[in-house]
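Listed below are the residues making up each chain.
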Amino acid sequence: MSKVSIVFWSGTGNTAMMANAIAEGVTAAGGEAVVLPVSEANVGDLKNEKAFALGCPSMGSEVLEEMEMEPFMEALEDGIAGKQIVLFGSYGWGNQEWMRDWESRITEAGATVVDGEGITANYVPGEDTLEALKDAGRSLVSLV
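As the structure is a prediction and not an experimental result, all values here were calculated from the model.

Peer 1: Would you explain the pairing of strand β2 (residues 32-37) in this entry?
Peer 2: Successive residues of a regular strand alternate their side chains across the two faces of the sheet. Strand direction decides the pairing type here: strand β1 (residues 3-8) and β2, joined by 6 bridges, are parallel. Bridge pairing in β2 places phenylalanine 8 opposite proline 37. In this fold, the crossover linking β1 to β2 by way of helix α1 (residues 14-28) has right-handed handedness.

Peer 1: What exactly am I supposed to notice about the packing of α1 against helix α5 (residues 127-143) here?
Peer 2: For any two helices packed against each other, the geometry comes down to the angle between their axes and how far apart the axes lie. Relative to each other, α1 and α5 sit at 50°, their axes nearing to 7 Å. When the axis of α1 is compared with that of α5, the two are oblique. When you trace α1 past α5, the crossing you get is right-handed. In contact with Met17, Met18, Ala21, Ile22, Glu24, Gly25, Val26 and Ala28 of α1, α5 contributes Thr129, Leu130, Leu133, Lys134, Gly137, Arg138, Leu140 and Val141. Its residues placed into classes, the contact of α1 with α5 shows 10 nonpolar, 3 polar and 3 charged.

Peer 1: Is there a simple way to think about helix α3 (residues 69-76) in this case?
Peer 2: Buried residues of α3: Met69, Glu70, Phe72, Met73 and Leu76, and no others. The buried side chains of α3 occupy one side of the element, clustering within an arc of 160° when seen end-on.

Peer 1: Hey, could you run me through the environment of alanine 51 in this one?
Peer 2: Within the fold, alanine 51 resides in strand β3 (residues 51-55). Residue class for alanine 51 comes out buried when judged on its relative accessible area of 0%. In the structure, alanine 51 is positioned 43 residues away from glycine 94 in sequence and 29 Å away in space, judged by C-alpha atoms. With residues up to four places along the chain from it excluded, the contact list for alanine 51 reads Gln84, Leu140, Leu143 and Val144.

Peer 1: So what exactly am I meant to see when it comes to the environment of proline 37 here?
Peer 2: Within the secondary structure, proline 37 is located in strand β2. Classification of proline 37 as partly exposed rests on a relative accessible area of 28%. Once the C-alpha coordinates of proline 37 and alanine 19 are considered, the two residues, 18 residues apart in sequence, prove to be 9.5 Å apart.

Peer 1: Can you help me understand the packing of aromatic side chains in this one?
Peer 2: Two aromatic rings, taken as a pair, are described by how far apart their centres are and by the angle between their planes. Enumeration over the complete set of coordinates arrives at 1 aromatic pair. A ring pair is formed by tyrosine 91 and tryptophan 98, whose centres lie 5.9 Å apart and whose planes are at 50°; its orientation type is tilted. Of the residues examined, tyrosine 91 reaches a relative accessible area of 14% and is grouped as buried.

Peer 1: Before we go on, may I ask you to explain the environment of alanine 21 in this structure?
Peer 2: Tracing the backbone shows alanine 21 in helix α1. Relative accessible area serves as the criterion here: at 2%, alanine 21 is assigned to the buried category. Each residue touching alanine 21, except ones within four places of it in the same chain, is listed here: Leu130, Leu133 and Lys134.

About the thresholds
Residues numbered from 1 in each chain as written. Predicted model: local features only at pLDDT ≥ 70, side-chain atom pairs only at ≥ 80, totals over all residues. Heavy atoms only, no water. Pairing = 2+ DSSP bridges. Helix = DSSP H or I, 4+ residues; strand = E, 2+ residues; numbered from the N terminus. Right-handed = clockwise from strand over helix to strand, strands pointing away. Axes fitted to C-alpha atoms, helices over the stretch in contact; angles between N-to-C directions. Parallel < 35°, antiparallel > 145°, perpendicular 65-115°, else oblique. Left-handed = near helix turned anticlockwise from the far one by under 90°. Contact = heavy atoms within 4.5 Å. Nonpolar A, V, L, I, M, F, W, Y, C, P; charged D, E, K, R; others polar. Buried < 20%, exposed > 50% of the residue type's maximum accessible area, 1.4 Å probe, protein only. Arc of directions from axis to C-beta. Phe/Tyr/Trp six-rings, centres within 6.5 Å; stacked < 30°, edge-to-face > 60°.

As structure tokens, then:
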């Protein structure tokens, strides 16, 4: 069975909901979804995986959460070349600049953002977004 890690940080539960939708897609495609808050994730484990998902909402002035997700990302960045990564997260304001910045950061490190862009939701993800997340989970299974 293909194992797919889904690592996220969530403040209000919206990004956690998004992580669980990806997990549904992984399971529907016959994979094993490992959903982990970033505080429980291991950088070394992800560096050894071919494909995985990372989620974080927009924080402050459109940045990643700074106490857990940003340090995790900094530690992960040098080991993601050649990886396939689904990015996702929610936001409540702004123009999704944090996601564009995150996408650029991932590609500059030599990885590929699955489907070319992250999946975002303005506050609570709607049905279309949840379906896109499930599709992303199914895609990840074929990449691991």
